[in-house]
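Structural description and commentary
Residues per chain, in single letters:
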Amino acid sequence: MLVHLDADAQVFEAPTDAHPSTAWWRSAVFYEVYIRSFQDSNGDGIGDLRGIEQRLPYLQQLGVDALWITPFYPSPMADFGYDVADYTAVDPSFGTMADFDRLLQAAHDRDIRIVIDMVLNHTSDAHPWFAESRSSRTNPKRDWYIWRDAQPDGSPPNNWTTFFGGSAWAWDETTQQYYLHLFLDRQPDLNWRNPEVIAAVDDVLRFWLDKGIDGFRLDAINFLIKHADFPDMPVVTNATGGDLVQYHVHVNNQPELHPLLQNVRRVLESYPGERVLIGETGTLKAPELAEFYGADLDEIHLPMIVLPLHTPWQAAAMRQCLLEFYAGLPPGATPHFVFSNHDDKRLITRYGYEQHRSIAVLLLTLLGSPILYYGDEIAMCDMFIPLEKRVDTAGLIDPDTYPGRDPNRTPMQWDASQHAGFTPDTVEPWLPVNENRSTINVAVQAAAPDSTLTFYTTLLHLRRDSRALRVGSIQFLEETGDVLAYVRTSGDERLLIAINFGSGSPILDLSELADQAHCVLSSTLQRPDAVALAAVALNAYESVVFKLGAGGT
């Protein structure tokens, strides 16, 4: 099939240097470290802060710019750290505060930024704040959480449900009221209409900013404020995950939320230097996502764009998804794409092994700031976790229907040993190690010139060296069957990215885009540099970055 790439085809211009900024986060590649699974340094089967520090040379060589570290605060681990019992300390299973300080300094010495997860919608029920709040109706911290009387028949105040299933209200026998929890009953929601809560959280943010961290990733930030009247939700069946968020209309993205986000931003900007706020917004809608940047770009720097997680791996569908979000960006805003994380299936599990390098090309050549999930760079995939070894509460509620998030949180595979170099072979890791560790591991792939790790490293270094890929404009070419094609431009540097989503072998005609072109990188790592402009054949599922010279628009 001949695909004619027309230089005069309708294209889309995303925001570019018209709004210049030297802020590092605008083009940074973030790397999510799920701390429990990255590297165990002390032989207890759980990843920790020192383990991350040990692996900084690897991360520097890989070419990432910043680490997003999942929660390491003291916690009962009902939701593995997303149930915080103390916002200004380190859980002993992850190390000490001295370990964090050393990690931060060591990362900065290697020009790697550190962003930490901040869980502000809720705390653990073991947090001292909640212990006081539930002690009596007259306690000064009673109104730090959301308490309501039962209905006359004793039932919960309304029909709100959690994201794990069941009522979002838990009964407290001592004080004879219900408290709200949108997640587990051990994760009571804070009352963000209380100024004392806002002031206390401001102090928490300052504690970490004083240490010199480079920013926060704000968890479930869209749920902070609830409808003041607590009306019933619309009744919806068969909705899960991101779709379910859209139906929680009385807790999702309430109008009073945005002044709170502006306040968090002001706290950040009261410190010198460039720090970043990343926001988990849950939205699948471009107009709603735009609201989280703020009318004056004064809220979240990088609201996470997760719609690709819910988009079929088809050229036309992905093109439409991307165009929708680029078109909806406020002027000067930076998109922040997420294709995998600790809550969702890994890339290969979702899209198939044959596509995994093309996904990397797409994520790392789009305009904006991408997030990688640990292990993506070696093609880690989900694994089946038998019921007796599951630990994620979400996967134990209805185990026959939903296996939880354990399958995509298994330990990082560093080598081919029994526990993949994550923890000593004499120690039982907190989750089983994937059986494919003999070939899917860092040690094997680092020595192989055609491995996925070699490909990721090459692509990341190409991105770092290319101004067009970091901050250039993006122009999507017309729909071309199974091929998604776009041009990144900065000054005289023009790169064409062509991604073949299909099993066919389309032939591209580049003659109207340039007078000359050569291949900079192919997902096969085997394509010759020379290009015959009028007939460039793509292999099945291949993605290619071409450098264009002269000609075109």
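Residues numbered from 1 in each chain as written. Predicted model: local features only at pLDDT ≥ 70, side-chain atom pairs only at ≥ 80, totals over all residues. Heavy atoms only, no water.

Counted by the stated rule, this structure contains 23 salt bridges. A salt bridge links aspartate 101 to lysine 211, with the nearest nitrogen and oxygen atoms 2.9 Å apart. Pair noted here: aspartate 101 is in helix 3 (residues 97-109) and lysine 211 is in helix 5 (residues 195-211), with a separation of 110 residues, a long-range link. A relative accessible area of 25% means that lysine 211 is categorised as partly exposed. (Salt bridge = Lys/Arg side-chain N within 4 Å of Asp/Glu carboxyl O. Helix = DSSP H or I, 4+ residues; strand = E, 2+ residues; numbered from the N terminus. Buried < 20%, exposed > 50% of the residue type's maximum accessible area, 1.4 Å probe, protein only.)

Before going further, it helps to spend a moment on the sheet that holds strand 6 (residues 169-172). Strand order in the open sheet formed by three strands is 5-7-6, with antiparallel pairing between adjacent strands. Each edge of the sheet is formed by a strand with only one pairing partner; in this case those strands are strand 5 (147-148) and strand 6. Relative to strand 7 (residues 177-180), strand 5 is paired through two bridges, and the arrangement is antiparallel. Of the residues in strand 7, the one forming a bridge with arginine 148 is tyrosine 178. (Pairing = 2+ DSSP bridges.)

Turning our attention to the nonpolar core. One finds Phe30, Tyr31, Leu67, Phe72 and Phe216 to be the most contacted residues of the largest nonpolar core, which totals 143 residues. Residue contributions to this core peak at eight residues, all from helix 5. When near neighbours in sequence (up to four residues on either side) are disregarded, phenylalanine 30 contacts Trp24, Trp25, Ala66, Val115, Val276, Ile278, Leu302, His336, Ser369, Pro370, Ile371 and Leu372. (Core = buried A, V, L, I, M, F, W, Y, C linked by side-chain atoms within 4.5 Å. Contact = heavy atoms within 4.5 Å.)

Bringing the packing of helix 5 against helix 7 (residues 257-269) into the picture now. Taken N-terminus to C-terminus, the directions of helix 5 and helix 7 make an angle of 30°; their axes are 10 Å apart at the nearest point. Remark: the crossing between helix 5 and helix 7 carries right-handed chirality. Contacts between helix 5 and helix 7 involve Ile198, Asp202, Leu205, Arg206 and Leu209 on the former and, on the latter, Leu260, Asn263, Val264, Val267 and Leu268. The residue makeup of the contact of helix 5 with helix 7, split by class, is seven nonpolar, one polar and two charged. (Axes fitted to C-alpha atoms, helices over the stretch in contact; angles between N-to-C directions. Left-handed = near helix turned anticlockwise from the far one by under 90°. Nonpolar A, V, L, I, M, F, W, Y, C, P; charged D, E, K, R; others polar.)

On to the side chain of asparagine 121. Turning to its location among the elements, asparagine 121 is positioned in the loop between strand 4 (113-119) and helix 4 (128-133). Each residue touching asparagine 121, except ones within four places of it in the same chain, is listed here: Phe183, Pro188, Asp189, Leu190, Ala220, Phe223, Leu224 and Lys226.

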